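Observations on the three-dimensional arrangement
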Amino acid sequence: MTDGTGPEPLGICIVANIAPETGHGEGGLEIRRGLRHFASGAKVWIAPPAWGDGGEHVIVAGRHRGNSRRYARMVIKSRFLVNFRVRAVYSPAVVRALTAAACGEEKEFGTRFLWPLDQAEAWARSWNAPRTGPG
């Protein structure tokens, strides 16, 4: 506890929602509500980019469509996400979900999977910027 104001955050993360409609197939012409694993509007926590694709694909943790009690961790395209924002992480379950399949890095308790504040704010701004071109 800090100053009696509440629990200490475990770190900072970017949070987003699954887009209401997502385009799939050739040219994105097949429109679906949400994704196979996440319902439309579902809140997901985003880990920092793990490879050099500029954030086109991201590691997320969120409550799975079929089992809303547990968090699922997977890689999805960032174009399927909307409303990016920076939030403090208080839940050890979110940190565990982001680090679960990280091949031994869970011992660091998510340090690689949580964001520095300034970097998180910059990425959230860039992802919220209007996108141009095919998507």
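The notes below deal with the structure included here.

Thresholds, definitions, all that
Residues numbered from 1 in each chain as written. Predicted model: local features only at pLDDT ≥ 70, side-chain atom pairs only at ≥ 80, totals over all residues. Heavy atoms only, no water. Helix = DSSP H or I, 4+ residues; strand = E, 2+ residues; numbered from the N terminus. Contact = heavy atoms within 4.5 Å. Buried < 20%, exposed > 50% of the residue type's maximum accessible area, 1.4 Å probe, protein only. Pairing = 2+ DSSP bridges. Expected span 1.5 Å × (residues − 1). Arc of directions from axis to C-beta.

What to know about the environment of Trp51
For Trp51, the location among the structural elements is in the loop between strand S4 (43–46) and strand S5 (57–63). The residues contacting Trp51, other than those within four sequence positions of it, are His57, Ile59 and Val75.

As for unusual backbone geometry
The backbone of Asn83 sits at a positive phi, close to 60°, despite the residue not being glycine. In this structure, Asn83 sits in strand S7 (residues 81–89). Judged by relative accessible area, Asn83 falls into the partly exposed class, the value being 44%.

Focus on the pairing of S5
Counted residue by residue, S5 has five buried out of seven residues, so it is predominantly covered. In this sheet, S5 lies alongside S4 in antiparallel orientation, the contact comprising three bridges. Bridging across to S5, Ile46 finds its partner in Val60. Where S5 and strand S6 (residues 71–77) come together, seven bridges link them in antiparallel fashion. If you follow Arg63 over to S6, its bridge partner there is Tyr71.

Topic: helix H2 (residues 117–128)
With twelve residues, H2 extends 16 Å from end C-alpha to end C-alpha; this agrees with the ideal 16 Å at 1.5 Å per step. All buried positions along H2 are accounted for by Ala120, Ala124 and Trp127. Projected down its long axis, H2 carries its buried residues within an arc of 70°, all on one side. Turned more than 90 degrees away from the buried face of H2, the exposed residues are Asp118 and Arg125. At its buried positions, H2 is contacted by strand S1 (11–18), S4, S5 and S7.

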